[in-house]
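In case you want the letters, here they are:
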Amino acid sequence: MTDSDDLSVAWAQAQDRLPDGWTLEALRCASTGLSPEQRSDEWIAVAVGPDSVERKARADDPIEALAALASSLE
């Protein structure tokens, strides 16, 4: 499997773990800009639930961020 395949599987598994009414919305780098002090190696996974409530999880690895987000909603 490629890294892309691993990420696709992790996304699907995280989505399957979310409660009814919740949807994975995004997975993004935690950087806030291009200058060195704004760069980050961390990742943020975002889910949106009922009434547009947003939940985020942050981790060093994108797959870990997805898993942490799903765990936080179980």
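These numbers were taken from a predicted model, which means no experiment stands behind them.

Reading the values: the criteria
- Counting of residues starts from 1 at the beginning of each chain's written sequence and follows it residue by residue.
- The predicted origin of the model limits local features to residues at a pLDDT of at least 70 and limits the giving and counting of side-chain atom pairs to 80 or more, whereas totals for whole chains, interfaces and linings rest on all residues.
- Hydrogens and water are ignored here; the side-chain numbers use all heavy atoms of the structure.
- Only when DSSP finds a minimum of two bridges between them are two strands counted as paired.
- Numbering of helices and strands starts at the N terminus; helices are DSSP runs of H or I of at least 4 residues and strands are runs of E of at least 2.
- As a rule, the C-alpha atoms of each element are fitted with a line to give its axis, helices using only the stretch in contact, and angles between N-to-C directions run from 0 to 180 degrees.
- In this text, buried Ala, Val, Leu, Ile, Met, Phe, Trp, Tyr and Cys residues form a nonpolar core when linked through side-chain atoms within 4.5 Å.
- Here the term buried applies to any residue with accessible area under 20% of the maximum for its type, exposed to any over 50%, and partly exposed to those in between, with areas from a 1.4 Å probe on protein chains only.
- Between two residues, a contact is recorded if the distance between any of their heavy atoms is within 4.5 Å.
- What counts as a salt bridge is simple: a side-chain nitrogen of Lys or Arg found within 4 Å of a carboxyl oxygen of Asp or Glu.

Draft legend 1. Main features of the sheet that holds strand β1 (residues 23–29). The strand order across the open sheet built from three strands is β1-β2-β3, with neighbouring strands paired in antiparallel fashion. Because the sheet does not close on itself, it has two edges, and the strands there are β1 and β3 (54–59). Neighbour to neighbour, the strand axes of the sheet diverge by 20° on average, direction disregarded. Of the pairings in the sheet, the one linking β1 to strand β2 (residues 43–48) comprises six bridges and is antiparallel in character.

Draft legend 2. Layout of the nonpolar core. Of all hydrophobic cores here, the largest spans 14 residues; its most connected members are Leu18, Leu24, Ala47, Leu66, Leu69 and Leu73. For this core, the secondary structure elements donating two or more residues are α1 (3–17), β2, β3 and α2 (62–73). A total of five residues in this core trace back to one element, the largest contributor, which is α2. Beyond its immediate chain neighbours, meaning those up to four positions away, Ala47 contacts Leu18, Trp22, Thr23, Leu24, Glu25, Val53, Glu54, Arg55, Leu69 and Leu73.

Draft legend 3. Representation of the pattern of salt bridges in the model. Summed over all chains, the structure comprises three salt bridges. Where Glu74 meets Arg17, a salt bridge forms, and the shortest distance between an N and an O atom there is 2.9 Å. Taken as a pair, Glu74 in the segment after α2 and Arg17 in helix α1 lie far apart in primary sequence, 57 residues in all. Since its relative accessible area comes to 32%, Arg17 is described here as partly exposed.

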